[in-house]
Amino acid sequence: VWIIQLPKGTNFWSLSPYKQGRILEKLGICKEVYLIRTFLYGIPPWKDNANLFIEDLKFAKVSVRVYHPKVPSAGRRRGVLYLHGGIGQIGSISMYERVCRFIARRSNSVVVCVGYRLAPEHPYPTQFLDCLTATVHFMTTAEDYGVDPTRIIICGDSSGGTLAAAVCQTLVSRTDLPKARAQILLYPFLQAVDFNLPSYQQNGSVPFLLKKRTITLGMQYLSQDLSLMKGILEGSHVPEDLKLKFSKWLSPDNIPMEFKIRGYKPPASATYSEELYTLAKQVFETTFSPLLAEDAIVRQLPETFILTCEYDVIRDDGLLYKKRLEDNGIPVTWYHLEDGFHGALFLIDYGYISFPCGKRAMENVVNFIKDL
């Protein structure tokens, strides 16, 4: 029997959906992620179709929504595949309606938002496989949508950035497909090795993505027991040989000093647990942690745009991947929001409740696309 004691003067309905979800999951009523979905899916999509033709289609059985500018084009357009965030469990095509419309209208590009299937109903790595399937389908049929197959850009935010990075890495070995023109990674999650980087220490309690919530949702995404959290936060899941291998890519020394000013203390060395490694070894797969890909893969990646936010717990993932790409000769356009936070793009074009920093970021994304 669970007894839930709330702070004095607090009632259940005054709590955030995240806290409500945790309580309901402890009581065995419903999973936390289901309540979060219900809350987020209540945000209405944009209904104005004046500037775009919009179609809901299937790309090899994967649901997609295609946004096609109505303005005539002298030739084939760029194509943007958008892979939404939500740690594989939250998010939908409709939730990202405004983001995709913004990109399509402002960049005069055909945008395809991929409605990949979600966990826990469809366990990892279904999400990656759906995104890869939709991407391959689009690349092979691009001309049917008025798109130049050599000008396809793969874009994603948060865990959608994880998916975009992983898809791009997989495509480098596909000689039967055109090369991706670019990848756009918007405050991406890219590694599950070190949760004590400066950004995790500085922003662990900054909304909307808290440090512990990152690990919680990540473990739920992989269908792992949450009892693993403490050891993973400390780094006990990483064996010494992998620590040595990954240190050249994940060392805090690779993060510029300006991002340590707000505070950083090197963590104590964690005691390795072989049991924990065995249970959590999926986190080392490059479909979950693209930052761990070998140099032979990284050096073949396309031109890249990376967005990082100062007040984001996963800020340093983007900074570290930026360095890896540049070290391997990949052109990188980096835009850092000094007043930004995780999720800043979500309410783009929502009038007074939009975040100005999100609008600035999206304008930079659009400018990058238009220059390709």
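Bear in mind that the values here come from a model prediction, so they are computed numbers and not experimental data.

Conventions and cut-offs
Residues numbered from 1 in each chain as written. Predicted model: local features only at pLDDT ≥ 70, side-chain atom pairs only at ≥ 80, totals over all residues. Heavy atoms only, no water. Helix = DSSP H or I, 4+ residues; strand = E, 2+ residues; numbered from the N terminus. Contact = heavy atoms within 4.5 Å. Polar contact = N/O pair within 3.5 Å; in protein donor to acceptor, adjacent residues only side chain to side chain. Pairing = 2+ DSSP bridges. Axes fitted to C-alpha atoms, helices over the stretch in contact; angles between N-to-C directions. Parallel < 35°, antiparallel > 145°, perpendicular 65-115°, else oblique. Left-handed = near helix turned anticlockwise from the far one by under 90°. Nonpolar A, V, L, I, M, F, W, Y, C, P; charged D, E, K, R; others polar.

### Observations regarding the overall build of the protein
And then number 1: Scanning the protein from N- to C-terminus turns up 13 helices and eight strands.
And then number 2: In the protein, of all internal contacts separated by at least 6 residues, the share reaching a separation of at least 24 is 75%.

### Things to note about the environment of Leu292
And then number 1: Structurally, Leu292 can be placed in the loop between helix 10 (274–280) and helix 11 (295–298).
And then number 2: Sequence separation between Leu292 and Gln191 is 101 residues; the distance between their C-alpha atoms is 7.1 Å.

### Structural notes on the environment of Tyr116
And then number 1: One can find Tyr116 in the loop between strand 4 (110–115) and helix 4 (126–141).
And then number 2: Distance from Tyr116 to Val62, taken between C-alpha atoms, is 6.5 Å for residues 54 residues apart in sequence.
And then number 3: Look past the residues within four positions of Tyr116 in its chain and what remains in contact with it is His84, Gly85, Gly88, Gln127, Asp130, Cys131 and Leu163.
And then number 4: At a separation of 2.6 Å, a polar atom in the side chain of Tyr116 contacts the main-chain carbonyl oxygen of His84.

### Topic: the sheet that holds strand 5 (residues 147–157)
And then number 1: Taken together, eight strands build an open sheet; the order of strands is 1-2-4-3-5-6-7-8 and the sheet is mixed. Two strands bound the open sheet, and with one partner strand each, they are strand 1 (52–59) and strand 8 (332–341). Shown here is a sheet whose adjacent strand axes are inclined to one another by a mean of 20°, direction ignored.
And then number 2: Here helix 4 sits on the sheet and contacts strand 1, strand 2 (62–69), strand 3 (77–83), strand 4 and strand 5; the angle it forms with strand 5, its principal contact strand, is near 160°.

### A few points about the packing of helix 3 (residues 97–107) against helix 13 (residues 356–370)
And then number 1: Here helix 3 crosses helix 13 at 45°, and the two axes come no closer than 9 Å. The orientation of helix 3 with respect to helix 13, classified from their angle, is oblique. As for the relative orientation of helix 3 and helix 13, their crossing is right-handed in sense. Across the interface between the two elements, Val99, Phe102, Ile103, Arg106 and Ser107 of helix 3 pack against Lys359, Met362, Glu363, Val366, Ile369 and Lys370 of helix 13.
And then number 2: Each residue belonging to the contact of helix 3 with helix 13 can be placed in one class, and the counts come to six nonpolar, one polar and four charged.

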